[in-house]
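# A structural walkthrough
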Amino acid sequence: MTVFEEIALRQTLFWGGLVAAIGIGGLYSILACYRVQSWWRTVFKALPLIALLFAASANFAAPLVIVGLALSLVGDIALSRDGERAFLVGLIGFALAHVAYIYHFYTLSAVPVPLLGAVLVALLALSTEVWLAPYTGDLKWPVRIYVVLIALMGVLALTLEARMIATYGALAFIASDCLLAIQLFRMRDGAKLAVPVSILLWVLYLAAQIGILLGAGFAQPLVSL
């Protein structure tokens, strides 16, 4: 196999994995993301991230993005299970994923942090002390640390300039986590909005991971917006 053939094969595998992630993720959002905890749902939920990991690895994506996807997969699996221990494992997995994204975004920073954007993200993070922290019980400090990390990830994403799809991905990540926090800590069981919120947060989350991969996963962004 020549170098050009290998490059073409890797690009084909990448786009195939990406399409698989979108397709399976779409089916999961329609059929399963709002259903009760079960092992089949856990496997179903993991498949889109596995496909993204395959796509990223097949085409030599940035190591830190691959690490972020792998840690997010751990978080996805853990958060699909019930119990405080599973929640903590999921929280730690995603927190470490954000650490990987934070450092990667820092290495790609093209412009100074925009003051207005940073202030808005900081205000959103601080607002969680009102609408989230009082309802998290023994998990208050782990949740606070997580809020700081995802806010920092969002702020650094604002410096990517030509990689705006990654910036949009990071902001979608924040939005999906806000919905998840509302769902876990503020929403009553059987609430009328439970299903649409579950669908929306999953769509935002998958779009976030895809945006980060396409925008910040390679030397040049694969998609420019």
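Here we summarise the structure given alongside this text. Because the structure is a prediction, the values reported are computed rather than measured.

### A word on the overall build of the protein
Within the protein one finds eight helices and zero strands. Helices (α) and strands (β) of the protein occur, in sequence order from the N terminus, as α-α-α-α-α-α-α-α. Relative to the 2.2 N^0.38 estimate, which gives 17 Å for 225 residues, the radius of gyration of the protein is 17 Å and therefore close to what a compact globule would have. C-alpha atoms of the protein, sized along the principal axes, occupy 60 × 45 × 25 Å. Relative to its 225 residues, the protein shows a buried fraction of 48%. On the protein, roughly 11,400 Å² of surface is accessible, and the fraction owed to carbon and sulfur atoms is 73%. Between the centroid of the 12 positive side chains of the protein and the centroid of its 10 negative side chains there is a distance of 8 Å.

### Description of the environment of Arg188
The residue Arg188 is located in the loop between α7 (164–186) and α8 (194–216) in this model. Residue Arg188 is classed as exposed on the basis of its relative accessible area, which comes to 68%. Sequence separation between Arg188 and Asp82 is 106 residues, and the spatial gap between their C-alpha atoms is 16 Å.

### A closer look at helix α3 (residues 63–79)
Between the first and last C-alpha of α3 there are 24 Å, a value that for 17 residues agrees with the 24 Å anticipated at 1.5 Å per step. Along its buried surface, α3 packs onto α2 (39–58), α4 (84–108) and α8.

### Topic: the nonpolar core
Ranked by internal contacts, the top residues of the largest apolar core, which has 62 residues, are Leu52, Leu69, Tyr101, Phe105, Met153, Phe173 and Leu213. Elements with a minimum of two residues in this core: α1 (3–31), α2, α3, α4, α5 (115–131), α6 (140–157), α7 and α8. The leading source of residues in this core is α6, at ten residues. Excluding anything up to four places from it in sequence, Leu52 contacts Leu18, Ala21, Leu69, Leu206, Gln209, Ile210 and Leu213. Listed in part, the five residues of the second largest apolar core include Leu179, Met187, Val197 and Leu201.

### A few points about the environment of Ile50
Structurally, the position occupied by Ile50 is in helix α2. Taking relative accessible area as the criterion, Ile50 reaches 41% and is therefore assigned partly exposed. On a C-alpha basis, the gap between Ile50 and Thr107 in space is 26 Å, while along the polypeptide they are 57 residues apart.

### Considerations on the pattern of salt bridges
Tallied over the entire structure, the rule returns two salt bridges. Where Glu6 meets Arg10, a salt bridge forms, and the shortest distance between an N and an O atom there is 3.1 Å. Taken as a pair, Glu6 and Arg10 lie in helix α1 at a separation of four residues, close to a single helical turn. Linking Glu129 and Arg144 is a salt bridge whose minimum nitrogen-to-oxygen distance equals 2.8 Å. Residue Glu129 is found in helix α5, and its partner Arg144 is found in helix α6; the two are separated by 15 residues along the sequence.

### Section: unusual backbone geometry
The phi torsion at Phe60 lies on the positive side, around 55°, for a residue other than glycine. Judged by its relative accessible area of 57%, Phe60 falls in the exposed class. Here the phi dihedral of Glu161 falls at roughly 55°; this positive angle occurs in a residue that is not glycine. Its place among the elements puts Glu161 in the loop between α6 and α7.

### Thoughts on the state of the cysteines
Applying the stated criterion across every chain, the model contains zero disulfides. Looking at Cys178, it has no disulfide partner, and the nearest cysteine sulfur is the one in Cys33, 18 Å off.

### Description of the side chain of Arg163
Here Arg163 lies in the loop between α6 and α7. Buried charge without a partner: Arg163 forms no salt bridge, and the closest opposite charge is Glu161, 9.3 Å away. Those residues within four positions of Arg163 in sequence are excluded, and the remaining contacts are Leu108, Gly215, Ala216, Phe218, Ala219, Gln220 and Pro221.

The rules behind each value
- Residues numbered from 1 in each chain as written.
- Predicted model: local features only at pLDDT ≥ 70, side-chain atom pairs only at ≥ 80, totals over all residues.
- Heavy atoms only, no water.
- Helix = DSSP H or I, 4+ residues; strand = E, 2+ residues; numbered from the N terminus.
- Rg over C-alpha atoms; globule rule 2.2 N^0.38 Å.
- Buried < 20%, exposed > 50% of the residue type's maximum accessible area, 1.4 Å probe, protein only.
- Areas by Shrake-Rupley, 256 points an atom, 1.4 Å probe, with all protein chains shown as cover.
- Lys, Arg positive; Asp, Glu negative; His and termini not counted.
- Charge placed at Lys NZ, Arg CZ, Asp CG, Glu CD.
- Expected span 1.5 Å × (residues − 1).
- Contact = heavy atoms within 4.5 Å.
- Core = buried A, V, L, I, M, F, W, Y, C linked by side-chain atoms within 4.5 Å.
- Salt bridge = Lys/Arg side-chain N within 4 Å of Asp/Glu carboxyl O.
- Disulfide = S-S within 2.5 Å.

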